[in-house]
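# Understanding the architecture of this molecule
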Amino acid sequence: MTTRTARHGDIQISYEVEGTGSGEPLLLIMGLGLPMSFWPETFRRLLVDRGFQVARFDNRDVGASTHLTGLGRPSPLAFVARRRPGYRLTDMADDAVAVLDALGWASAHVVGVSLGGMIAQTLAGRHPDRVRTLTSMSSTPVAHVGRPHPRVLPALLTPPARTREAAARRLLHIFRVIGSPQYALDENAIREAAERGFDVAHDPDGVLRQLAAIMSAADRRPMLRRLRMPALVVHGAADPLVRLAGGLATARAIPGAKLVVFPGMGHDLPAALQPAVADEITALARQ
């Protein structure tokens, strides 16, 4: 699979696409600090088999896309006082538009998970003509709704890894805490994705810059109430990182949105649930 580059001003966004050119265009947007390789290959194949041409990309400050190291580490005020960070979710949404432009897609079905769901919501609100359908997974319309359960904070606050092996152990520990309690965790896939991500770009400050963009973002519910596109909200009932209140608030805000809650699902995408999620996305696209 060939990795390509889209440009948004001085920002370069690395992306990949799979499936035939005759497929329905679908854009996947990944979550906080994770590269596009974290989208499970099995899930992508399910979407391709259902008739989609599937593109995914590394958000800025992740993977092979531009890292804004010149911005440095965000000030603590970016988190506690919503002081303007180095960039905003609106900038990250416009990165996604640059990928659509590079692909030659006038519009696409857009699927985002966690931070990617926030970016997808922002993209739909700012550029509704570019979004055929919106799927927001494990996400929230505003940072203070669905806040993490206190028990996950120790795992999230562990020091950054210094080696690829430590990076794999750290990410695996996090997903053991935030993952689905009723479904098996694909530890090999998480370990391999963490190691690949470390090899391409290890940037803990970049993750903090993304987090600052989340914390400084305005409440998207007024914008979501203006959407007039088919929308799907997927959430795990057992998600401890973005708790179910975030998904409920998203679904309530978007007119006509379908809400699908999976019991026993946490803040991941278990292999056992991937066919059901792919079916829901496909049914939405057929509207």
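Nothing here was measured: the structure is a model prediction, and the numbers come from that model.

Parameters at a glance
Residues numbered from 1 in each chain as written. Predicted model: local features only at pLDDT ≥ 70, side-chain atom pairs only at ≥ 80, totals over all residues. Heavy atoms only, no water. Pairing = 2+ DSSP bridges. Helix = DSSP H or I, 4+ residues; strand = E, 2+ residues; numbered from the N terminus. Axes fitted to C-alpha atoms, helices over the stretch in contact; angles between N-to-C directions. Contact = heavy atoms within 4.5 Å. Salt bridge = Lys/Arg side-chain N within 4 Å of Asp/Glu carboxyl O. Polar contact = N/O pair within 3.5 Å; in protein donor to acceptor, adjacent residues only side chain to side chain. Phe/Tyr/Trp six-rings, centres within 6.5 Å; stacked < 30°, edge-to-face > 60°. Buried < 20%, exposed > 50% of the residue type's maximum accessible area, 1.4 Å probe, protein only. Lys NZ or Arg CZ within 6 Å of the ring centre and 35° of its normal. Right-handed = clockwise from strand over helix to strand, strands pointing away. Parallel < 35°, antiparallel > 145°, perpendicular 65-115°, else oblique. Nonpolar A, V, L, I, M, F, W, Y, C, P; charged D, E, K, R; others polar.

## Concerning the sheet that holds strand E7 (residues 231-236)
- Taken in spatial order, the eight strands of this open sheet run E1-E2-E4-E3-E5-E6-E7-E8, and their pairing is mixed. Of all strands in the sheet, those with a lone pairing partner are strand E1 (4-8) and strand E8 (258-262), marking the two edges. Pairs of neighbouring strands in the sheet enclose a mean axial angle of 25 degrees, with direction left out of account.
- Two elements, strand E2 (residues 11-18) and strand E4 (residues 52-57), share four bridges in a ladder whose sense is antiparallel. Looking at E4, one finds that Val17 is bridged to Ala55.
- Across the face of the sheet, helix H1 (residues 41-49) comes into contact with E2, strand E3 (24-29) and E4 while running at roughly 145 degrees to E4.
- Here helix H4 (residues 115-126) sits on the sheet in contact with E3, strand E5 (108-113) and strand E6 (131-137), set at roughly 145 degrees to E5.

## Details of the pattern of salt bridges
- All told, the structure shown has 17 salt bridges when counted by the stated rule.
- Measuring nitrogen to oxygen at the nearest pair gives 2.8 Å for the salt bridge that ties Asp61 to Arg209. One end of the pair, Asp61, is in the loop between E4 and helix H2 (77-80); the other, Arg209, is in helix H8 (residues 204-216), and 148 residues separate them in sequence.
- By sharing partners, the salt bridges in this structure join Glu16, Glu18, Arg44 and Arg56 into a single network.

## Comments concerning the environment of Gln274
- Position of Gln274 among the secondary structure elements: in helix H11 (residues 274-285).
- C-alpha of Gln274 to C-alpha of Thr158: the two residues are 116 residues apart in sequence and 29 Å apart in space.
- Once residues lying within four places of it in the same chain are set aside, the contact partners of Gln274 are Pro40, Thr42, Phe43, Leu46 and Leu269.
- Within the local environment of Gln274, its side chain forms a polar contact with the side chain of Thr42, the two groups lying 2.6 Å apart.

## Brief notes about the packing of aromatic side chains
- In total, this model carries two aromatic pairs according to the counting rule given.
- Considering the side-chain rings of Phe38 and Phe175, the 5.3 Å spacing of their centres and the 35 degrees angle between planes classify their relative orientation as tilted. Of the two residues, Phe38 is situated in the loop between E3 and H1 and Phe175 in helix H6 (residues 164-178); the sequence distance between them amounts to 137 residues. Of the two residues, Phe38 and Phe175, both sit in the buried class.
- Relative to Phe43, the ring of Trp39 lies with its centre 6.1 Å away and its plane at 20 degrees, an arrangement referred to as stacked.
- The ring of Tyr87 is capped by Arg60, whose NZ or CZ atom sits 4.9 Å from the centre of that ring.

## A closer look at the pairing of E6
- Taking burial as the measure, the seven residues of E6 include six buried ones, the bulk of the element.
- Traced from E5 through H4 to E6, the parallel crossover comes out right-handed.
- Of the strand pairs in this sheet, E6 and E7 are connected by four bridges, and their pairing is parallel. By the bridge assignment for E7, Thr135 is matched with Leu232.

## Regarding the packing of helix H3 (residues 89-103) against H4
- It is the contact of H3 with H4, at a shortest axis distance of 8 Å, that shows an interaxial angle of 75 degrees. It follows from the interaxial angle that H3 and H4 lie roughly perpendicular. Taken together, the residues of H4 that come into contact with H3 (itself represented by Leu89, Thr90, Met92, Ala93, Asp94, Ala96 and Val97) are Leu115, Met118, Ile119, Thr122, Leu123 and Arg126.
- Partitioned by chemical class, the residues of the contact of H3 with H4 number nine nonpolar, two polar and two charged.

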